[in-house]
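Notes for the structure review
What follows is the residue order along each chain.
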Amino acid sequence: MKLLLKALLTLGLAAAGAVARVDTLYSERLSKRSFDHNDNYNVTLLHVNDVHAHLDQFSPDGTDCLDPSKGCVLGGYARIKHVVDTKRKEVPDALLLNAGDEFQGTLFYSYYKSEKIAETLNQLGFDAMALGNHEFDDGNEEVVQFINKLNFPVTACNIRTNDTGLQQALVPYVIFPEHKLAVVAVTTPSTADSSSPDAGTTFDHPISAIQNTVNVIQEVEDIKRIIALTHIGYAEDIELAQKTRGIHMIIGGHSHTLLGDMPGAKGKYPTIQKNLDGEEVFIVTSYRWGEYIGSITITYDPSGRILSYAGEPIKLTDAIHQHVDLQDQITKWRAPFEKFSREVVGRTEETLSLDPCLTEECTLGNLVSDAMLESCISHTPDLAGAILNGGGIRAGFGKGQINRGQILTAFPFGNALVEINLTGRQLWDAVEGIVSGVNLKNGKKIPNFLQVSNEIRFSYNPGNSVGSRLVSLEFSGRRAEMERVYKIVTLDFLADGGDSYFEKQAGVIKHERIEDAIIRFIKAKSPLNIKIEGRSATTTETRPRTG
C-alpha cells in the first residue's frame, strides 16, 4: 500500500539526456511538430530494460572492462544517473521507467542477490518498474524482498499468485495524477519455463491482461493516456500493439532489441504500428545491459492519441560522465569478489561473440558445448554429444585474456551439467522444435537456437513449414537412428523443461557446474582458437534424411 500511495502522489520525477543531436519524427496525423496546441499534453519518458546486474561499466561483450584506456567502457548506473540528473534539471516532470530484468548477469547479483540492485535503483528515482522473467530466478521470496526494498512501485497485471507476499508487493497499474496518465505492465508468460517462480504463480496472456486492465483504467479512473510497460519481447510488443485498443505507447524489454538508426538496429525508434482502431501505437526499447537509456518526448491529444514525438536512445560511452558518489559505492561493492574475479584462466586468439548464439552456430557455443562433453565423458565414455541453449550464454569474451569473472558473467545461473537419455526420434523432434521455434509436443515457443558439441551435425531448411524444417541430424558422422537411445549432456535447466527444448526428464545423472567445466577446459586448451565448423547449417533441401 505504501508503494501504491507513493505512486498516486504527484511524483514529478524527471529524465535524462546529454545528447548532441536529437532526431525528431512526426505522427502522420500531424504535419509538423508542435507542443503548444490547445489541450495537447507533453510528457518526457526515460527508460531502461534488461540491465542484468550491470551496475558497473562494462566492455562491449558484456564482461568487466579491465582496461578502460582501450576504449571498452560502456554503461553503468553511475552514467545512467548522471544522464537522468541532467535531464531532470531540464524536464522536471518526466517519468523514468524500468521494463525489468535487473537480476542475474554479473557478480553483483551472484554475490549480493538483489540488495545492491535495490540500493542503486532507489538512488535513480524510478517512477515504476515491470518484472522481468529473471527476477524469478531465485523464486518468489527474492522477488518480494527486492520489491519491498524499493521506494517506487512495481506493477504487473498478468501475474496470478497464491503467494500473499507477492500479492501485497505488486500493484496492477500505477496512476500519475499530475499527468493524468497510467502505466500498466506485463511479464512474459515464458517465465514459467525460463525461470523459477514458485508453484501457484502463473502468467496470463499479455494481450488479454493488458486489454482488460486498460478497460478498467478508462472506465474507473477516467484516464486516456495509458503506457504499457512490458517484458515480453519486441515481436510480442508489435503483436500487442496490433491487437489491443486504448494504449498508444509501449516501452518494452526482454528480447534485447536494438532500435534506432545505428548499425545493427532491428527497427526504428520508435517503431510505429496500428491498433485495432487504426490508431498509431509507438514502441520503444533500449537494448540490453544499460548500454543505452531511451529518451522520448511525446505529445498527446485530448483523446489520448499521440500527435508528435522526439527523441532517440542515448548511448552511454565514456564521453558521458559518471555520478561520482554512486560510482564510489559500486567500486566499494566490488571489493569482496574483485581478486577472485580477476584470476586469469586462459586466453583466446579471437573474439568469442555472444550475439550470434541466439540464432546460429557461434564460436562461444562450440567452446562451451565441447567443454560440457569433455567434463562428463570420463564418467560416461559412450556419450553421444552435448546440447546447450544459446540463451544460457549471457556475455562474450574479447580477444586476449579470459578471467574467472568473465566466465561467471557469461554463465551466471549456476547450472549443473546432467546426462539424459533420449531416443533418436525424441532428439529429432527436439531439434525440429528448436529450428521451428515451437515445441512439437506442447506447442510452447522456443526462444533461442541450440549450440552443440563437435560430435553433432544437423541441417535445416528455414523455408519449410513449421514442424518440417529439420533435414538431417547426425552423431559422429552417422545419421540419427530413430529407435536408438542416445546419452546426451545438457544443463539441468533444459532437462527440467526450461526454454521448452525437451519434456521434463526423469532420472538424470548430475555432474559439475558448467562454469567449472568451462574453466578447466580453457586452462587445458589455452590459447583458444575456436572456429565455426558447420555444426549447424541451413539447406535448400526440402525432404528429411533419416536413418
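Predicted, not measured: the structure shown is a model, and the values here were computed from it.

1. Focus on the overall build of the protein chain
When its secondary structure is counted, the protein chain shows 15 helices and 25 strands. Compactness check: the protein chain gives a C-alpha radius of gyration of 24 Å against a globular reference of 24 Å for 547 residues, within 12% of the reference. Projected onto its principal axes, the C-alpha coordinates of the protein chain cover approximately 75 × 50 × 45 Å. For the protein chain, the proportion of its 547 residues judged to be buried stands at 59%. Summed over its atoms, the accessible surface of the protein chain is roughly 21500 Å², and 48% of this surface lies on carbon and sulfur atoms. Across the protein chain, the 55 positively charged side chains and the 69 negatively charged ones have centroids separated by 2 Å.

2. As for the UniProt feature "domain: Calcineurin-like phosphoesterase" (unreviewed entry) in the protein chain
Under the feature "domain: Calcineurin-like phosphoesterase" (unreviewed entry), the UniProt entry names residues 44–257. Here residues 44–257 is 36% helix and 18% strand, with 21 Å between the C-alpha atoms at its ends.

3. Describing helix α8 (residues 206–221)
In this model α8 runs 21 Å from its N-terminal to its C-terminal C-alpha over 16 residues, within 8% of the 22 Å that 1.5 Å per residue would give. For α8, the full list of buried residues reads P206, I207, A209, I210, Q211, T213, V214 and I217. Elements in contact with the buried residues of α8: β6 (173–176), β7 (181–187), β9 (225–231) and α9 (234–242). Of the residues trailing α8, D222 is marked for its positive phi of about 55 degrees.

4. A short note on the sheet that holds strand β20 (residues 456–460)
In spatial order, the strands read β22-β21-β20-β25; together these four strands make up an open sheet with mixed pairing. Edge positions in the sheet fall to β22 (478–479) and β25 (536–538), since each of these pairs with one other strand and no more. When strand β21 (residues 470–475) meets β22, the two strands line up antiparallel, connected through two bridges. Bridging from a neighbouring strand, E474 pairs with R479 of β22. In the packing of helix α13 (residues 424–436) onto the sheet, contacts are made with β20 and β21, and the angle to β21 comes to roughly 130 degrees.

5. Notes on the nonpolar core
Membership of the largest hydrophobic core comes to 65 residues, with the highest contact counts inside it found for L367, F458 and L473. Setting aside residues no more than four positions away along its own chain, L473 makes contact with L427, W428, V431, I456, R457, F458, R478, R479 and A480. With 49 residues, the next largest nonpolar core counts L97, Y173, A182 and V184 among its residues.

6. Thoughts on the pairing of strand β13 (residues 292–300)
Of all the nine residues making up β13, nine are buried; the element is thus mostly covered by neighbouring parts of the structure. Side chains Y292, G294, I296, I298 and Y300 of β13 all project onto a buried face; the interleaved residues I293, S295, T297 and T299 project onto the opposite face, where all are buried too. Sheet topology places strand β2 (residues 41–48) next to β13; seven bridges connect them, and they run antiparallel. Bridge assignment links V43 to a residue of β13, and that residue is I298. Pairing of β13 with strand β14 (residues 306–315), which is carried by nine bridges, proceeds in the antiparallel orientation. Each residue of the ladder has a partner; that of G294, found in β14, is P313. Counting the residues between successive antiparallel strands, the hairpin from β13 to β14 contains five residues, one of them, G304, with a positive phi of roughly 95 degrees.

Parameters and conventions
Residues numbered from 1 in each chain as written. Predicted model: local features only at pLDDT ≥ 70, side-chain atom pairs only at ≥ 80, totals over all residues. Heavy atoms only, no water. Helix = DSSP H or I, 4+ residues; strand = E, 2+ residues; numbered from the N terminus. Rg over C-alpha atoms; globule rule 2.2 N^0.38 Å. Buried < 20%, exposed > 50% of the residue type's maximum accessible area, 1.4 Å probe, protein only. Areas by Shrake-Rupley, 256 points an atom, 1.4 Å probe, with all protein chains shown as cover. Lys, Arg positive; Asp, Glu negative; His and termini not counted. Charge placed at Lys NZ, Arg CZ, Asp CG, Glu CD. UniProt positions renumbered as here; feature names shortened; annotations may be inferred. Expected span 1.5 Å × (residues − 1). Contact = heavy atoms within 4.5 Å. Pairing = 2+ DSSP bridges. Axes fitted to C-alpha atoms, helices over the stretch in contact; angles between N-to-C directions. Core = buried A, V, L, I, M, F, W, Y, C linked by side-chain atoms within 4.5 Å.

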